[in-house]
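Structural overview for review
So you can see what is in the structure, the chains are spelled out below.
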Amino acid sequence: MASLSLKGIYKKYAGNVVAVSDFNLDIEDKEFIILVGPSGCGKSTTLRMIAGLEEISEGELYIGDRLVNDVAPKDRDIAMVFQNYALYPHMTVFENMAFGLKLRKTPKDEIKRRVEEAARILDISHLLDRKPKALSGGQRQRVALGRAIVREPQVFLLDEPLSNLDAKLRAQMRTELAKLHVKLGTTFIYVTHDQTEAMTMGTRIVVMKDGFIQQVDSPANLYNKPTNVFVAGFIGSPQMNFVDATIVEKNGKLGLQFGSEDRQYVLDLPESKCTASVKASVGKEVIMGVRPEALHDEEMFIATASTGIIDCDVDVTEMMGAETYLYLTLGDVNLTARVSPRSTAKPGDTIKIAIDVNSIHIFDKETEKSMLF
């Protein structure tokens, strides 16, 4: 198996177009790394540079201890699974999975052993004689994975492999891929724009925007300790609420003042939120971030909250089964709350909402970086 190291990687195209800028990342052996970000952020380009399908403009790429910038893709000991499966329609499943091994002149009995073992792992042994057109989308995806597995590579590269599947099958395949990673004990590098996939599968997640790494961290830290507004808004569904606020001081206590013209509120800050950066910014405008689950409409929360009780108008309610989403307005500020399905709020109501002050985030308005770390 192998670790990877990307040092100062750039990808530049003609016309001074920079797709990836100063990409630095060390990937440990057997890690499940996810590259996530919106379309055009450079994540697939980065994956293709690791595969050798794109030339590296600047920087160094190591697989293990070997510099592979100028090593041909076939000699990098990696396998790539594509979004569109890329199966040969005239070949059976067995032949598709065996094709790469035949090119390498692997002995026939070894090919048979590897293909049957991969088919058993992926539960497609009964499909080996079928052609791709006779398979469902999920079965084709398993065949594409099987073709990669039989090569027994040091590194698996997966480029949005689940994006063509329906929602139910995608959720099922997420679980299967996580199990497969444990079973194979191989390094996985996985590209997706779906933050749910990223949060549920990766040991570490690389959040990208405009070719730059924004944050590399565990799923829990990305969610609870985002370093900037972009990461905070990209990770989490529904996304974090952002409210313009001002840091104020009253009777020696720091707070956040926010609201509409006719409804102004001051949220007292707990000591844990009063960092040196926050203390030095009294009178300054900031961005307050509040996740939907930190907004409560239950009487128990409202009765016990000493600060952060606000009046909001209910625009829309969405019953999701295990929870309800409330879409609220406070003047021209839009808020989303994730509340209990027992909530009785209806469109047109004006309700009280308690903000969990221990869960708020504060971002610098100019740099958009967190002021809490």
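Here's a quick rundown of the structure. (Residues numbered from 1 in each chain as written. Predicted model: local features only at pLDDT ≥ 70, side-chain atom pairs only at ≥ 80, totals over all residues. Heavy atoms only, no water.)

**Section: the environment of Arg204**
Position of Arg204 among the secondary structure elements: in strand 9 (residues 204-209). Exposure remark for Arg204: the relative accessible area of 23% places this residue in the partly exposed category. Through-space distance from the C-alpha of Arg204 to that of Ser218 is 4.5 Å; in sequence the pair is 14 residues apart. When near neighbours in sequence (up to four residues on either side) are disregarded, Arg204 contacts Leu25, Asp26, Ile27, Glu31, Phe32, Ile33, Ile34, Val216 and Asp217. A polar contact of 2.6 Å, which involves the side chain of Arg204, links it to the backbone oxygen of Asp26. (Helix = DSSP H or I, 4+ residues; strand = E, 2+ residues; numbered from the N terminus. Buried < 20%, exposed > 50% of the residue type's maximum accessible area, 1.4 Å probe, protein only. Contact = heavy atoms within 4.5 Å. Polar contact = N/O pair within 3.5 Å; in protein donor to acceptor, adjacent residues only side chain to side chain.)

**A look at the pairing of strand 1 (residues 4-13)**
Relative to strand 4 (residues 58-63), strand 1 runs antiparallel, the two being bridged by five bridges. Bridged to Lys7 within strand 4 is Glu60. Both strand 1 and strand 2 (residues 17-27) contribute to a ladder of seven bridges, which runs antiparallel. Bridge assignment links Ile9 to a residue of strand 2, and that residue is Phe23. Turn length for the strand 1-strand 2 hairpin, with the two strands adjacent in sequence and antiparallel, is three residues, and the turn residue Gly15 shows positive phi of about 80°. (Pairing = 2+ DSSP bridges.)

**Brief notes about the packing of aromatic side chains**
Taken as a whole and assessed by the stated rule, the structure comprises seven aromatic pairs. For the pair Phe32 and Tyr190, a centre-to-centre distance of 6.0 Å together with 50° between the ring planes defines the contact as tilted. On the criterion of sequence distance, the pair formed by Phe32 in strand 3 (residues 32-36) and Tyr190 in strand 8 (residues 187-192) is long-range, its members being 158 residues apart. Both residues of the pair, Phe32 and Tyr190, belong to the buried class. These aromatic residues form a ring-pair network of at least three members: Phe32, Phe156, Phe188 and Tyr190. If you follow Arg291 out to its NZ or CZ, it ends over the ring of Tyr223, 3.9 Å from the centre. (Phe/Tyr/Trp six-rings, centres within 6.5 Å; stacked < 30°, edge-to-face > 60°. Lys NZ or Arg CZ within 6 Å of the ring centre and 35° of its normal.)

**Quick look at the pairing of strand 11 (residues 241-250)**
Note: strand 11 against strand 14 (residues 285-290), six bridges, orientation antiparallel. Each bridged residue has a counterpart across the sheet, and for Phe242 the counterpart in strand 14 is Gly289. Alignment of strand 11 against strand 12 (residues 253-259), held across five bridges, turns out to be antiparallel. Bridging from a neighbouring strand, Glu249 pairs with Leu254 of strand 12. Where strand 11 folds back onto strand 12 in an antiparallel hairpin, the turn is made up of two residues, including Asn251, whose phi is positive at roughly 55°.

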